[in-house]
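# Examining the three-dimensional arrangement
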Amino acid sequence: GESVGLHLPTLSVQEGDNSIINCAYSNSASDYFIWYKQESGKGPQFIIDIRSNMDKRQGQRVTVLLNKTVKHLSLQIAATQPGDSAVYFCAESAGTALIFGKGTTLSVSS
Amino acid sequence: DAGVTQSPTHLIKTRGQHVTLRCSPISGHKSVSWYQQVLGQGPQFIFQYYEKEERGRGNFPDRFSARQFPNYSSELNVNALLLGDSALYLCASSLDGYQETQYFGPGTRLLVL
């Protein structure tokens, strides 16, 4: 079946470091991908998205990279802050449904 | 602008009961999707509605049903509750729901005893 997964369940970094969160997807026909951040007790919050006709997209302190050859997606967070501590999910758009992986918990220590 | 709103925030039910969860999308959005998130996992797609019509359904039993109203708000209904239905139920809204960003509400936390 189709699935989107993350490589690491947890990532611990120091404040000010750059963070990289990885994700592998299985459906080569997928052409829209989203990164969400979910804090405890809250719903997922949109961070950044990318379509399959792009390799890279930048936002404020965040960059998403898409490698269609190996079906890999990554989220880079620059100068990570304690407020970035949360669970991060990548999601694949298969038409109407978003397919989520299990998530990576990012812990930022100051 | 108000984001996606959901009610109630928390709910406790017993096995066999019925539950109705409600969602109001972002103003101007015509599509509402429902997801179930079990603790420790990513959200799982249940339904999507667009212009009051069901446009997508995930792998959930017939005990789960939903509808969308003319004002684009939506209800998720779950009958004959099981312990395994305990989860965070998330509503997401989008302009038309097809391969575009879906914005999530805070969720309804359902506990089935």
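First, a word on scope: everything that follows refers to the structure included in this document. Since the structure is predicted, the reported quantities are computational estimates derived from the model, not experimental observations.

Looking at the second largest pocket, its volume works out to about 250 Å³. Residue composition of the lining of the second largest pocket, by class: five nonpolar, seven polar and four charged.

Another aspect to go through is the state of the cysteines. Residues and elements named next belong to chain A. Enumeration according to the criterion identifies two disulfides over all chains in this entry. In this model, Cys23 is linked to Cys90 through a disulfide, with the two sulfur atoms separated by 1.8 Å. The S-S bond linking Cys23 to Cys90 shows a torsion near 55°; that makes this disulfide right-handed. Of this pair, Cys23 sits in strand E3 (residues 19-25) while Cys90 sits in strand E9 (residues 86-94), and the two are 67 residues apart along the sequence.

Quick look at the packing of aromatic side chains now. Scanning the model with the defined rule gives 11 aromatic pairs over all chains in all. Arranged with centres 5.9 Å apart and planes meeting at 85°, the rings of Phe100(A) and Tyr35(B) form a pair that is edge-to-face. A residue pair is termed interchain when its members come from two chains, as with Phe100(A) in strand E10 (residues 97-100) and Tyr35(B) in strand E4 (residues 31-37). The exposure class of Phe100(A) is buried, given its relative accessible area of 6%.

Turning next to the side chain of Glu75(B). Residue and element names in this part refer to chain B. Within the secondary structure, Glu75 is located in strand E8 (residues 74-78). Within the structure, Glu75 has its side chain in polar contact with the side chain of Arg22 (distance 3.4 Å). Residues contacting Glu75, with those up to four places away along its chain left out, are Thr20, Leu21, Arg22, Trp34, Ser65, Ala66, Arg67 and Phe69.

The rules behind the values
Residues numbered from 1 in each chain as written. Chains lettered and ligands numbered in written order. Predicted model: local features only at pLDDT ≥ 70, side-chain atom pairs only at ≥ 80, totals over all residues. Heavy atoms only, no water. 1 Å grid on protein atoms, 1.4 Å probe; cavity = no way out; pocket = protein on both sides within 12 Å on 5 of 7 lines; lining within 4 Å. Points joined across faces, edges and corners; volume = space filled by probe spheres on them. Nonpolar A, V, L, I, M, F, W, Y, C, P; charged D, E, K, R; others polar. Disulfide = S-S within 2.5 Å. Helix = DSSP H or I, 4+ residues; strand = E, 2+ residues; numbered from the N terminus. Phe/Tyr/Trp six-rings, centres within 6.5 Å; stacked < 30°, edge-to-face > 60°. Buried < 20%, exposed > 50% of the residue type's maximum accessible area, 1.4 Å probe, protein only. Polar contact = N/O pair within 3.5 Å; in protein donor to acceptor, adjacent residues only side chain to side chain. Contact = heavy atoms within 4.5 Å.

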